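Coordinate analysis (summary)
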Amino acid sequence: MGLVAAFSEALSGLKSMVVGLKVTGTNFLRPQETVHYPRQEVPRDALATFRGHIELVGTDDDPALARCVGCGLCMELCPSRCIRVEAEDPPPAEAPPSVAHTMSDLLMPTPKFRAAPPSQAPVARKLLGYHLTYHTCSLCGLCVQNCPAGSIRFSSNVYFAGEARETFELDLMARLRRQSGREGGKP
Amino acid sequence: MSDFFAPEFVRLVLALVAIMGFVAANGMALLYVERKVAGHVQRRPGPFEVGPHGLLQALADAGKLVGKQLATPRGADALLFWTAPLMAFMPVPLMFIAMPFSENLWGLGTDLGLVLILSFAGFNVLALCLAGWASNNKWSLLGAARAVAQAVAYEIPLLLSVLAVAMLTGSLDLREVAAHQGAWPWQWNVFVQPLAFFIYFVCAVAETNRAPFDLAEAESELTAGVHTEYSGMGNGIIFLAEYANMLVVSCVATVLFLGGAAGPWAPGPWWFLAKMYALVTLIIFMRWTYPRVRFDQLLNLNWRWLMPLALVNLVLTAFCVKLWGGA
């Protein structure tokens, strides 16, 4: 490297150091981003991207009723196995009418059970309970991404702390009801 | 016996006591300022909980440090191990004693103030050496080797840049160097010797082991260097010495380059303190601005840039002084 090139590089390096001081200087004068927690809380709009524990989304008609159809996909996908969905099974389909014994039946015995033929009307499953064991959740978000009904989202429950493990075992349906104001208590 | 109560002796003792108070108070204050500046640069409040705006945080930290057990590593030379932090701190009051805080406020009036400061500043290297070796820990020893290489390397351009100013003034007496400069900024030495000031400042930051040259302490990255084995107040004294050294280099820069106690409207110690604290604040700001240099970068900067530049500056100064007579 020639002397001139070395000097020009050194000068540009010096300039970058002045720029660095300018950056820290301007940041020094800007207002703080952090809050004094017990006395202040984070403004709600700053929590838009916060990933708290998951929560259920209410239907448009009734905010106390979850959109969840109880398919259990979230429970299947969850790598930490922290979701437990309880849904009422669809009413048992009527057994297919037994067919009179024919020659072929004699050769091949009739299975004891036979799946019901796919029904045309969608089977309505009723959601009975939605439980989250938050202390094992890794907040990967697979459930939120893959919910076919769009019924799960991340909550903005920032100040969630507790001393007992049970504090983090959540009944999300009850929480949804509380949030909609149907029952009293903290959201 | 009569010498014992001679006015000069009493004066010296009083000056040393006053300097110790000044250094201790500044150590506490700078610890707080450092953390506040760090906080605000990163747009957070800094210490806030202990006392109003965290003012008592330094006291709480000191209390914590004093309360800690003083552990000596097994197999270490206990005497040398505990001498090292004292040796790091001991020369600090002596470096302040010749400092002219104003036209007639100094501890020891000597013609060799500059030499006194520079020679006692060398003690720090010995302290680092001792701390690293006596810890009986290979990381400490490596840290000491690093710190000593750094301190020895940066001492040379620092001396050369200071020498240029001494040549210009024709004196090693700090009072005379300060008096040589006028009240207004364009009469200060920094205008005649901008390169020397720049070299001095960079070297001073490196000598005090401040970021971006803080390879000697890098706690989490380089196992804290020579401080690895020091617990409680042993570590505290080393850090107090670091802050005190920061004050010393800022004081020297104020006297040599920024006109000392002289100021446009109100000459006196207030101007001196204002200039000194401006430099200290700049050093603190630099710590939170620049990333730490690599060790080869650190040595390259010194041997390939600062040394030749300081030599060129010195030769040019000598030439000009010879030509136009200097002071």
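An unreviewed UniProt entry lists chain B under the name NADH-quinone oxidoreductase subunit H, from Fundidesulfovibrio magnetotacticus. As stated in UniProt under Sequence similarities (unreviewed entry), the record for chain B gives "Belongs to the complex I subunit 1 family." The record held by UniProt for chain B lists under Catalytic activity (unreviewed entry) the comment "a quinone + NADH + 5 H(+)(in) = a quinol + NAD(+) + 4 H(+)(out)".

Naming follows an unreviewed UniProt entry, where chain A appears as NADH-quinone oxidoreductase subunit I of Fundidesulfovibrio magnetotacticus. Annotation of chain A in UniProt includes, under Cofactor (unreviewed entry), the sentence "[4Fe-4S] cluster". Among the UniProt annotations of chain A, the heading Sequence similarities (unreviewed entry) holds the following wording: "Belongs to the complex I 23 kDa subunit family."

Attention now moves to the nonpolar core. Ranked by internal contacts, the top residues of the largest apolar core, which has 88 residues, are Phe96, Met99, Tyr154, Tyr200, Leu256 and Phe257 of chain B. Phe257 of chain B has contacts with Ser161, Val165, Gln181, Trp188, Asn189, Val190, Gln193, Ala196, Phe197, Tyr200 and Val252 of chain B, leaving out every residue within four places of it along the chain. Among the nonpolar cores identified, the runner-up in size contains 20 residues, and Cys82, Val85, Leu127 and Tyr134 of chain A belong to it.

Moving on: the pairing of strand S3 (residues 126-133) of chain A. Residue and element names in this part refer to chain A. Looking at chain direction, strand S2 (residues 83-88) and S3 are connected through six bridges and run antiparallel. By the bridge assignment for S3, Ala87 is matched with Leu127. With three bridges connecting them, S3 and strand S5 (residues 169-171) associate as antiparallel partners. Bridge pairing in S5 places Leu132 opposite Leu170.

Once that is clear, we can look at the environment of Asn136 of chain B. Residues and elements named next belong to chain B. If you trace the backbone, Asn136 turns up in the loop between helix H6 (123-134) and helix H7 (138-169). In this structure the C-alpha to C-alpha distance between Asn136 and Pro73, which are 63 residues apart in sequence, comes to 7.2 Å. With near-sequence residues (within four places) excluded, Asn136 lies in contact with Arg74, Gly75 and Ala76. A distance of 3.1 Å separates the side chain of Asn136 from the backbone oxygen of Arg74, its partner in a polar contact.

A few words on helix H1 (residues 7-41) of chain B. Taking 1.5 Å of rise per residue, 35 residues should cover 51 Å, and H1 of chain B covers 49 Å from first to last C-alpha, within 8% of that figure. Following H1 of chain B by one or two positions, Arg43 of chain B has its phi on the positive side, about 55 degrees.

It is worth spelling out the UniProt feature "transmembrane region" (unreviewed entry) in chain B at this point. All names here are of chain B. In the numbering used here, UniProt assigns the "transmembrane region" (unreviewed entry) feature to residues 12-33, 78-101, 113-135, 147-168, 188-206, 237-258, 270-290 and 302-324. Counted over residues 147-168, helix gives 100% and strand 0%. Its end C-alpha atoms are 32 Å apart. Segment residues 188-206 splits into 89% helix and 0% strand. End C-alpha atoms: 24 Å apart.

A few words now on the sheet that holds S2 of chain A. In a beta sheet, neighbouring strands pair by backbone hydrogen bonds and run either parallel or antiparallel. All names here are of chain A. Strand order across the open sheet formed by three strands is S2-S3-S5, with antiparallel pairing between neighbours. The open sheet terminates on both sides in strands that have one partner only, identified here as S2 and S5. Geometrically, the sheet is characterised by an average inter-axis angle of 15 degrees between neighbouring strands, direction not taken into account. Sheet strands in contact with helix H5 (residues 172-179) are S3 and S5, and its direction is about 100 degrees off that of S3.

Our focus in this paragraph is the interface of chain B and chain A. The interface of chain B with chain A comprises 17 residues on the first partner and 19 residues on the second. In terms of surface lost to chain A, no three residues of chain B exceed Arg43, Tyr290 and Trp305 of chain B, which account for 40% of the buried area on that side. At the boundary of chain B with chain A, the tally comes to two salt bridges. With a shortest N-O distance of 3.2 Å, Arg39 of chain A and Glu49 of chain B are connected by a salt bridge. Taken together, chain B and chain A are joined by five residue pairs in polar contact (both at pLDDT 80 or more).

Okay, the packing of aromatic side chains next. One pass over the structure, following the stated rule, counts 18 aromatic pairs over all chains. Between Tyr134 of chain A and Phe168 of chain A the ring centres are 6.4 Å apart and the planes differ by 45 degrees, which places this aromatic pair in the tilted class. Remark: Phe168 of chain A occurs in the loop between strand S4 (152-154) and S5 and Tyr134 of chain A occurs in the loop between S3 and helix H4 (142-146); sequence separation between them is 34 residues. Note on accessibility: Tyr134 of chain A and Phe168 of chain A belong to one class, buried. Look at Tyr200 of chain B and Phe257 of chain B: their rings are 5.7 Å apart centre to centre, the planes differ by 45 degrees, and that puts the pair in the tilted class. Placement of Tyr200 of chain B in helix H10 (residues 194-207) and of Phe257 of chain B in helix H11 (residues 232-257) is noted, with a sequence separation of 57 residues between them. Here Tyr200 of chain B matches Phe257 of chain B in class, with each residue buried.

Cut-offs applied
- Residues numbered from 1 in each chain as written.
- Chains lettered and ligands numbered in written order.
- Predicted model: local features only at pLDDT ≥ 70, side-chain atom pairs only at ≥ 80, totals over all residues.
- Heavy atoms only, no water.
- UniProt positions renumbered as here; feature names shortened; annotations may be inferred.
- Core = buried A, V, L, I, M, F, W, Y, C linked by side-chain atoms within 4.5 Å.
- Buried < 20%, exposed > 50% of the residue type's maximum accessible area, 1.4 Å probe, protein only.
- Contact = heavy atoms within 4.5 Å.
- Pairing = 2+ DSSP bridges.
- Helix = DSSP H or I, 4+ residues; strand = E, 2+ residues; numbered from the N terminus.
- Polar contact = N/O pair within 3.5 Å; in protein donor to acceptor, adjacent residues only side chain to side chain.
- Expected span 1.5 Å × (residues − 1).
- Axes fitted to C-alpha atoms, helices over the stretch in contact; angles between N-to-C directions.
- Buried area = accessible area lost by both parts, 1.4 Å probe.
- Salt bridge = Lys/Arg side-chain N within 4 Å of Asp/Glu carboxyl O.
- Phe/Tyr/Trp six-rings, centres within 6.5 Å; stacked < 30°, edge-to-face > 60°.

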